[in-house]
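# Observations on the three-dimensional arrangement
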Amino acid sequence: IRRPPRSTLFPYTTSSDLVIGDKMLNAYTLGWREWVELPELAIGPIKAKVDTGARTSALHAVDLELFERNGDQWVSFAFESADGSLGAVNEAPVIEFREVTNSGGQSESRPVIKTPLKLGAVFKLVELTLTQRENMAYRMLLGRTSLFSDFVVDPSESFLQGGDESHPGAPE
């Protein structure tokens, strides 16, 4: 991986060129925390932790109920904000169950759904596992498969796609 000369990247911008082999990519730079939205689930904006060490993205979900619809497995769930308020109940098809090792080293089987994600100016279809994250600092974890080919991460920065610790905002 090569980056163009630093002068083309400074000051930080929402977009930069990234060269992998002979391929030039246009990638958005993220900090280790960003504001995200899940518009089809009516969730957000919420703060997410960007974690390149995690393969899969995870969303805090409560009241999970699995059910069958037209022969397919579905899940209903609600998003619980940090203040304890519950959002609307969402329903989504389960694309699979995935064994995930959490930060405490425990393995659990989680339902995986697909939904659009809005991060800065980018809309992207992502896979999310649904799990209890009530004891975690962030209600959503953005894993590396959701970041692939669209984003680069600067772990020394936060909210490069806009906003600050308290408020979401447009990219600067």
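Just so we're clear, the structure is a prediction, and the values are computed from it rather than from any experiment.

## Considering the pattern of salt bridges
- One pass over the structure, following the stated rule, counts seven salt bridges.
- Here E165 ties to R33 by a salt bridge, and the two come within 2.4 Å at their closest N and O atoms. Note that E165 is positioned in the segment after β13 (151–153) and R33 in strand β3 (residues 33–38), a separation of 132 residues in sequence.
- Among the salt bridges present, the one from E127 reaches R98, with a minimum N-O distance of 2.7 Å. Of this pair, E127 sits in strand β11 (residues 122–131) while R98 sits in strand β9 (residues 96–101), and the two are 29 residues apart along the sequence.
- E127 sits in the partly exposed class, given a relative accessible area of 25%.
- Judged by relative accessible area, which is 19%, R98 ranks as buried.

## Details of the confidence of the model for the protein
- Averaged over the protein, the pLDDT score is 84; the fraction of residues at 70 or greater is 83%.
- Per-element averaging of pLDDT across the protein places strand β1 (residues 16–20) at the bottom with 48 and strand β6 (residues 62–69) at the top with 97.
- In the predicted structure, residues 1–20 sits below a pLDDT of 50 and forms 42 contacts with residues beyond four places in sequence or in another chain.

## Side note on the pairing of strand β10 (residues 107–119)
- When β9 meets β10, the two strands line up antiparallel, connected through six bridges. Of the residues in β10, the one forming a bridge with E99 is S109.
- From the end of β9 to the start of β10, which pair antiparallel, there are five residues, and G105 there has a positive phi angle of about 85°.
- In textbook terms, the turn of a hairpin is the stretch between consecutive antiparallel strands, and for β10 and β11 this stretch comprises two residues, one of which, G120, has a positive phi near 60°.

## Quick notes on the environment of T145
- In this structure, T145 sits in helix α1 (residues 144–147).
- Classification of T145 by relative accessible area gives partly exposed; the value is 46%.
- With 91 residues separating them along the chain, T145 and A54 place their C-alpha atoms 8.5 Å apart.
- Those residues within four positions of T145 in sequence are excluded, and the remaining contacts are R55, T56 and K124.
- At 2.8 Å, the side chain of T145 and the backbone oxygen of R55 are in polar contact.

Calculation criteria
Residues numbered from 1 in each chain as written. Predicted model: local features only at pLDDT ≥ 70, side-chain atom pairs only at ≥ 80, totals over all residues. Heavy atoms only, no water. Salt bridge = Lys/Arg side-chain N within 4 Å of Asp/Glu carboxyl O. Helix = DSSP H or I, 4+ residues; strand = E, 2+ residues; numbered from the N terminus. Buried < 20%, exposed > 50% of the residue type's maximum accessible area, 1.4 Å probe, protein only. pLDDT = per-residue confidence, 0-100. Contact = heavy atoms within 4.5 Å. Pairing = 2+ DSSP bridges. Polar contact = N/O pair within 3.5 Å; in protein donor to acceptor, adjacent residues only side chain to side chain.

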